[in-house]
Each structure stands twice: as structure tokens, then as C-alpha cells.
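# Observations on the model geometry
What follows is the residue order along each chain.
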Amino acid sequence: MPVNILPETILAKSTTLWDLPENITIRLINVSENLTYLLEVSGIYKSILRVHRPGYRTDIEIESELDWLDKLQSENLMAIPSAIRGKNGARIQKIRSQKTGDVVNLVMFEFVEGYHPQEDQDHIELFHILGQMAATLHEQVRRWSRPTGFYRQHWNLDTILGENPVWGKWQDAPGITAEISSILTRAEKSLIRSISAFGKSSQNYGLIHADMRLANILLNRNQLTLIDFDDCGFGWFLYDFAASVSFIENHPRLEDFKQEWLEGYREVQSISKSDENMIDGFVMLRRLALLAWVGSHSESDEPKLLAPYFAQETAEFAESYLINEKMRR
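All values reported here derive from a predicted model rather than from experimental measurement.

This brings us to the overall build of the chain. If you tally the helices and strands in the chain, you get eleven helices and eleven strands. Against the globule reference of 20 Å for 329 residues, the chain gives a C-alpha radius of gyration of 20 Å, in line with a compact fold. Going through the 329 residues of the chain one by one, you find that 53% of them count as buried. Within the chain, residue pairs in contact and separated by at least 24 positions form 74% of the contacts whose partners lie at least 6 positions apart. A total accessible area of about 15,300 Å² is found for the chain, and carbon and sulfur atoms account for 48% of it. Both charge centroids of the chain, one from 34 positive and one from 46 negative side chains, sit 4 Å from each other.

Next up, the structure:
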């Protein structure tokens, strides 16, 4: 579950860990796996503070994420926000919650001007750009010799559908009737069979953003910035497309989004037709992961809104997936 909102006194104390202007205001702007705050002095300064949920990410995992960001910036591959080091030179700062006694990890990022595209709109041209960005990241990952000790979690069949999945089991989500469970179980078996046959290699599996959706890009005129690498980990490269259509898998223009993404991807590097045929399976895998997420995060605002209908819509998507898979065979 998300970390409890920290008392203002603790937050105020945390700002002393960085070299910040006086009279800074702190405003909560997002509650998810972590808490995100906007720090601001009107007309002078802005930055973004990420407060990590205790136990969700280890120090090594957070440092590894920031190592990747630093490497991407050093190669000037795309616009991404920089982490701001504290007064002691460290990228991760720590405070202790007086309420729980937990030591909480904090990371400060530079503020990036822009707005999030709305997921209920087409924005088809953005999927072309997301495809280019995904291919750029995947190309960089294939040639990067990661630092010793680099560690990020895996997004694979075991961590999504196994006995102890990262976000819980989709079977425990709200709205799972016997009929829906039957449909999703058949879809799960089908995608496990096809993805297992697809296998893992350096060409199809590696470090990915894993949450490259419209909510995690910022538009500012002609500038597009990719943010929130908190879920980055090892997974199938095609999972980055699946993540890009998170929560909009039933959109009537899903196929158009996919083709635009593929076109953008192929402008940077090739992708085979056989790999392309696997995309729908990864979208199904991601949708099951999101269904589990809705169930395991029931106290957060977004899952509360999704809970009444998400299982039913997932079953509808699964039925289409199964029909298409049967036709493909």
C-alpha cells in the first residue's frame, strides 16, 4: 500500500537536506506506490520530491534507477529529469517517520514544465514518439555495461502471474465472478504458453521503463519529457508498448496506437514480424497485472474509481485476445 502521508513537520525537516530557497511551500500532487510533492517558491524555484514507500524499493534499486538516468543524460538521448543531490552529495536522502518509526527514502528531481496528455483522447501522434523513445532506450540498454551491483526487479511471468506477484494476484481483484475468472484463466494459460515459447534473449528482454504511458510524459511545446522510472526493471522490450496503453486497452483505436508505436520504433531499430505478433500477448499480460494492482491498492483513489468495472472490461478484452489468438493459430 502507498506510504502514509508524512506530517508537515517531517516534510519541512526533510527540505533542510537539500540546498533550497527559504520559505518553500510543499504540496502533495500524487499518491501511488510513492508520494510525490511539488516544492515551490513562487517565481523563483520548483522541484519534485519523491517520498518512497518503506519496503517497496531497496537503496540499491533506487541507486540503480538513478544510475540509468545519469547514463541516459550523459548520452543526451532524450529529455528526462535529473536527480538533485543533497547537501551531503547523496542522491538518496533519509528521514525517520515519527508516526511509524520507518526510515523513509527521499529523492529530489528537477522540475520540468509541461502537461500530461489525457488518456481518454487519441493523441495518436504521441504513440509514434513513444515508439521512437522505447527503441532508443532498448538500443542503449543492449550496449550498456551496467555498473557492478546494479539491481532492478523483473517484470516477467513469475513476478506478474506467479505465486508471489509484485502487485498481488488478479484473482483477488474486486468484481471477479466465476464467469470472469473462467475467461481470464483461459487467457492467462494462452499467454503463458505463447510467451514461454517466445523466450528470453538479449534481443527481446532487458532493462525497460515498464510504465511508459501518457501519464508519464510531459509536453511543453515541441519538447517531450519522459518521467517516473520508478517501475523500471528487466522485462520483455515489447512490454513497454503494453505499458503505454495501460488502462486504455479497450480503446477503439488501440490497433492504430500499436501501428503508430511500431512505425516510430522501426525508425530507430528493426522489429521482426514474429515479434510484432507477440504484442497482444504482452498487452494481455499487462492488463492482468493492472487488475491485480487495482485489487492490492484498494485504498488509493485511482483503484477505487476503477474497481466497479475494471474486472468486467478486462474479461471483455481477454475474450477478444482469445479470439485473435485462435485466428492467428
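Time to look at the packing of aromatic side chains. Tallied over the entire structure, the rule returns twelve aromatic pairs. Ring centres 6.3 Å apart and planes at 80° place the aromatic pair Phe-150 and Phe-234 in the edge-to-face group. Here the residue Phe-150 occupies a position in the loop between helix H3 (124–143) and strand E7 (154–155), and Phe-234 occupies one in strand E11 (residues 233–236), the gap between them amounting to 84 residues. Considered together, Phe-150 and Phe-234 belong to a single accessibility category, that of buried residues. An aromatic cluster of three or more residues is present, and its members are Phe-198, Tyr-205, Trp-236 and Phe-282. Positioned above the aromatic ring of Phe-310, the side-chain terminus of Arg-287 is 3.7 Å from the ring centre.

Using the criterion set out here, one finds one cavity of 30 Å³ or more in the structure. Of the volumes computed, that of the largest cavity is approximately 40 Å³. In terms of lining, the largest cavity is formed by Trp-155, Thr-159, Ile-160, Val-166, Trp-167, Gly-168, Ala-289 and Ala-292. Taken together, the residues of the lining of the largest cavity break down into six nonpolar, two polar and no charged.

This part takes up the nonpolar core. Ranked by internal contacts, the top residues of the largest apolar core, which has 87 residues, are Trp-68, Leu-191, Leu-226, Phe-282 and Leu-285. Top contributing element to this core by residue count: helix H9 (residues 279–296), with twelve residues. In this view, Trp-68 contacts Leu-137, Gln-140, Val-141, Trp-144, Leu-207, Ile-208, His-209, Phe-229 and Cys-232; residues no more than four positions away in its chain are not counted. Counting residues in hydrophobic clusters, the runner-up holds 15 residues, among them Ile-24, Leu-35, Tyr-37 and Val-51.

In this section: the sheet that holds E11. Read from one edge of the open sheet, three strands run E7-E11-E8, paired in mixed fashion. Of all strands in the sheet, those bounded by a partner on one side alone are E7 and strand E8 (205–208).

Time to look at the pattern of salt bridges. This model, assessed by the stated rule, comprises 24 salt bridges. A salt bridge links Asp-231 to Arg-57; the shortest N-O distance between them is 3.2 Å. Taken as a pair, Asp-231 in the loop between strand E10 (223–226) and E11 and Arg-57 in the loop between strand E3 (45–51) and helix H2 (59–74) lie far apart in primary sequence, 174 residues in all. Among the residues examined, Asp-231 registers a relative accessible area of 8% and is labelled buried. For Arg-57, a relative accessible area of 5% gives the class buried. Across the pair Glu-249 and Arg-287 runs a salt bridge, and its minimum N-O distance is 2.5 Å. Here Glu-249, found in the loop between helix H6 (239–244) and helix H7 (254–266), pairs with Arg-287, found in helix H9; they are 38 residues apart in sequence, far enough to count as distant.

Below, the discussion takes up the packing of H9 against helix H11 (residues 310–328). It is the contact of H9 with H11, at a shortest axis distance of 10 Å, that shows an interaxial angle of 160°. Our classification of the angle between H9 and H11 gives roughly antiparallel. Remark: the crossing between H9 and H11 carries left-handed chirality. Contacts from Asp-280, Gly-281, Val-283, Met-284, Arg-287, Leu-288, Leu-290, Leu-291 and Val-294 in H9 reach Phe-310, Ala-311, Glu-313, Thr-314, Phe-317, Ala-318, Tyr-321 and Arg-328 in H11. Taken together, the residues of the contact of H9 with H11 break down into eleven nonpolar, two polar and four charged.

With 21 residues, helix H5 (residues 178–198) should cover 30 Å at 1.5 Å per step; its first-to-last C-alpha distance of 30 Å lies within 8% of that length. For H5, the complete set of buried residues consists of Ile-180, Ile-183, Leu-184, Ala-187, Glu-188, Ser-190, Leu-191, Ser-194, Ile-195 and Phe-198. Buried residues along H5 sit in contact with helix H4 (157–161), E11, helix H8 (273–276), H9 and H11. Two residues or fewer past H5, Gly-199 is found with a positive phi of approximately 75°.

Looking now at the side chain of Thr-36. Tracing the sequence through the fold places Thr-36 in strand E2 (residues 35–41). Take Thr-36: its relative accessible area is 17%, and that puts it in the buried class. Beyond its immediate stretch of four places on either side in the chain, Thr-36 contacts Arg-27, Leu-28, Ile-29, Asn-30, Ile-48 and Leu-49.

This paragraph deals with H2. Here H2 contains 16 residues, and its C-alpha end-to-end distance of 22 Å stays within 8% of the 22 Å for a straight helix at 1.5 Å per residue. Directly after H2, the chain includes Asn-76, whose backbone phi takes a positive value near 55°.

Calculation criteria
Residues numbered from 1 in each chain as written. Predicted model: local features only at pLDDT ≥ 70, side-chain atom pairs only at ≥ 80, totals over all residues. Heavy atoms only, no water. Helix = DSSP H or I, 4+ residues; strand = E, 2+ residues; numbered from the N terminus. Rg over C-alpha atoms; globule rule 2.2 N^0.38 Å. Buried < 20%, exposed > 50% of the residue type's maximum accessible area, 1.4 Å probe, protein only. Contact = heavy atoms within 4.5 Å. Areas by Shrake-Rupley, 256 points an atom, 1.4 Å probe, with all protein chains shown as cover. Lys, Arg positive; Asp, Glu negative; His and termini not counted. Charge placed at Lys NZ, Arg CZ, Asp CG, Glu CD. Phe/Tyr/Trp six-rings, centres within 6.5 Å; stacked < 30°, edge-to-face > 60°. Lys NZ or Arg CZ within 6 Å of the ring centre and 35° of its normal. 1 Å grid on protein atoms, 1.4 Å probe; cavity = no way out; pocket = protein on both sides within 12 Å on 5 of 7 lines; lining within 4 Å. Points joined across faces, edges and corners; volume = space filled by probe spheres on them. Nonpolar A, V, L, I, M, F, W, Y, C, P; charged D, E, K, R; others polar. Core = buried A, V, L, I, M, F, W, Y, C linked by side-chain atoms within 4.5 Å. Pairing = 2+ DSSP bridges. Salt bridge = Lys/Arg side-chain N within 4 Å of Asp/Glu carboxyl O. Axes fitted to C-alpha atoms, helices over the stretch in contact; angles between N-to-C directions. Parallel < 35°, antiparallel > 145°, perpendicular 65-115°, else oblique. Left-handed = near helix turned anticlockwise from the far one by under 90°. Expected span 1.5 Å × (residues − 1).

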